[in-house]
Amino acid sequence: DAGVIQSPRHEVTEMGQEVTLRCKPISGHNSLFWYRQTMMRGLELLIYFNNNVPIDDSGMPEDRFSAKMPNASFSTLKIQPSEPRDSAVYFCASSFRSQETQYFGPGTRLLVL
Amino acid sequence: DAKTTQPPSMDCAEGRAANLPCNHSTISGNEYVYWYRQIHSQGPQYIIHGLKNNETNEMASLIITEDRKSSTLILPHATLRDTAVYYCIVLSALGSQGNLIFGKGTKLSVKP
């Protein structure tokens, strides 16, 4: 199994630009999670989906962030417009069910100048 | 807030056992203890989890006290590649809430 796949692995953009992060979960997994990691706040959950439906988006910072899961094999996290404080590593994880072991992707390192 | 308490850092000699403690004194009966680790610049990696009984897999052993208020992760023969931040996490088995709450973890340094 290829594991959770994320793209791009690195992204450098300028403030105000739209950023789209992509995630392909492990085949057969029904839950997908987006996390953000910074030095100041550590690893924190942004949003998670069960069977493609958003269940808890209370961690999404503000309206500039949006996430979609159009099908079981693909999810996006979009930031529009991006700001320097959005610079972080964004991880996607998936699990068979939400209460079960989560497997993380390699992350996307985002730098907003 | 994380429901666990871990020492911020530990050292271990290569080839020796690494014993990482975790306190979770407010754990409830339906909550599992999960361990993840994060090697520098990589995504968190699942290690092991347990409810009441001790568990062992190819990576580690998990010892949970009888009152379930604390646990210890054991890496039996630590290698340099085990240098990482280790997170102890309590996760409910009920309902739909599946998010992991990561604390600061223990930074384990394995030294030659």
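These numbers were taken from a predicted model, which means no experiment stands behind them.

**Student:** Which residues make up the overall build of chain B, and what are the values?
**Tutor:** In terms of helices and strands, chain B carries zero helices and nine strands. Ordered by position from N to C terminus, the α and β elements of chain B give β-β-β-β-β-β-β-β-β. Taking 2.2 N^0.38 as the reference for a compact globule, 112 residues should give roughly 13 Å; the C-alpha atoms of chain B span a radius of gyration of 13 Å, in line with that estimate. The principal-axis extents of the C-alpha atoms in chain B amount to approximately 45 × 30 × 25 Å.

**Student:** Describe the environment of Gly16(A), and please don't skip the residues or the numbers.
**Tutor:** Residues and elements named next belong to chain A. Position of Gly16 relative to the elements: it lies in the loop between strand 2 (10–13) and strand 3 (19–24). On the basis of relative accessibility, which here comes to 35%, the residue Gly16 falls in the partly exposed class. The spatial distance from the C-alpha of Gly16 to the C-alpha of Glu83 is 6.3 Å, given a sequence separation of 67 residues. Discounting chain neighbours no more than four positions away, the residues touching Gly16 are Gln80, Pro81 and Ser82.

**Student:** Go over the sheet that holds strand 7 (residues 65–71) of chain A, please, and point to the residues and values.
**Tutor:** Residues and elements named next belong to chain A. The strand order 1-3-8-7 describes an open sheet built from four strands, whose pairing is antiparallel. Here the strands that pair on one side only, and so sit at the sheet edges, are strand 1 (5–7) and strand 7. If you compare each strand with its neighbour and ignore which way they point, the axes differ by 15 degrees on average. Of the pairings in the sheet, the one linking strand 3 to strand 8 (residues 74–79) comprises five bridges and is antiparallel in character.

**Student:** Tell me about the interface of chain B and chain A, residues and numbers included.
**Tutor:** Many descriptions give the size of an interface as the accessible area lost when the pieces come together. Taken together, the contact pairs 21 residues of chain B with 20 residues of chain A. In total, about 1,500 Å² of surface goes out of reach between chain B and chain A, with carbon and sulfur atoms giving 47% of it. On the surface where chain B and chain A come into contact, there are zero salt bridges. Where chain B packs against chain A, one counts four residue pairs in polar contact (both at pLDDT 80 or more). When residues of the side of chain B that touches chain A are traced back to their parent elements, those giving at least two are strand 3 (31–38), strand 4 (45–50) and strand 8 (84–92) of chain B. Tallied by class, the residues present in the side of chain B that touches chain A amount to 10 nonpolar, 11 polar and no charged.

**Student:** Now, about the pattern of salt bridges: what can you tell me, with residues and values included?
**Tutor:** Residues and elements named next belong to chain A. Scanning the model with the defined rule gives 10 salt bridges over all chains in all. Between Glu62 and Arg64 there is a salt bridge, with the nearest N and O atoms lying 2.8 Å from each other. On the basis of relative accessible area, Arg64 is assigned to the buried category, the value being 9%. A single network of salt bridges, built from pairs that share partners, joins Glu62, Arg64, Glu83, Arg85 and Asp86.

Definitions and cut-offs
Residues numbered from 1 in each chain as written. Chains lettered and ligands numbered in written order. Predicted model: local features only at pLDDT ≥ 70, side-chain atom pairs only at ≥ 80, totals over all residues. Heavy atoms only, no water. Helix = DSSP H or I, 4+ residues; strand = E, 2+ residues; numbered from the N terminus. Rg over C-alpha atoms; globule rule 2.2 N^0.38 Å. Buried < 20%, exposed > 50% of the residue type's maximum accessible area, 1.4 Å probe, protein only. Contact = heavy atoms within 4.5 Å. Pairing = 2+ DSSP bridges. Axes fitted to C-alpha atoms, helices over the stretch in contact; angles between N-to-C directions. Buried area = accessible area lost by both parts, 1.4 Å probe. Salt bridge = Lys/Arg side-chain N within 4 Å of Asp/Glu carboxyl O. Polar contact = N/O pair within 3.5 Å; in protein donor to acceptor, adjacent residues only side chain to side chain. Nonpolar A, V, L, I, M, F, W, Y, C, P; charged D, E, K, R; others polar.

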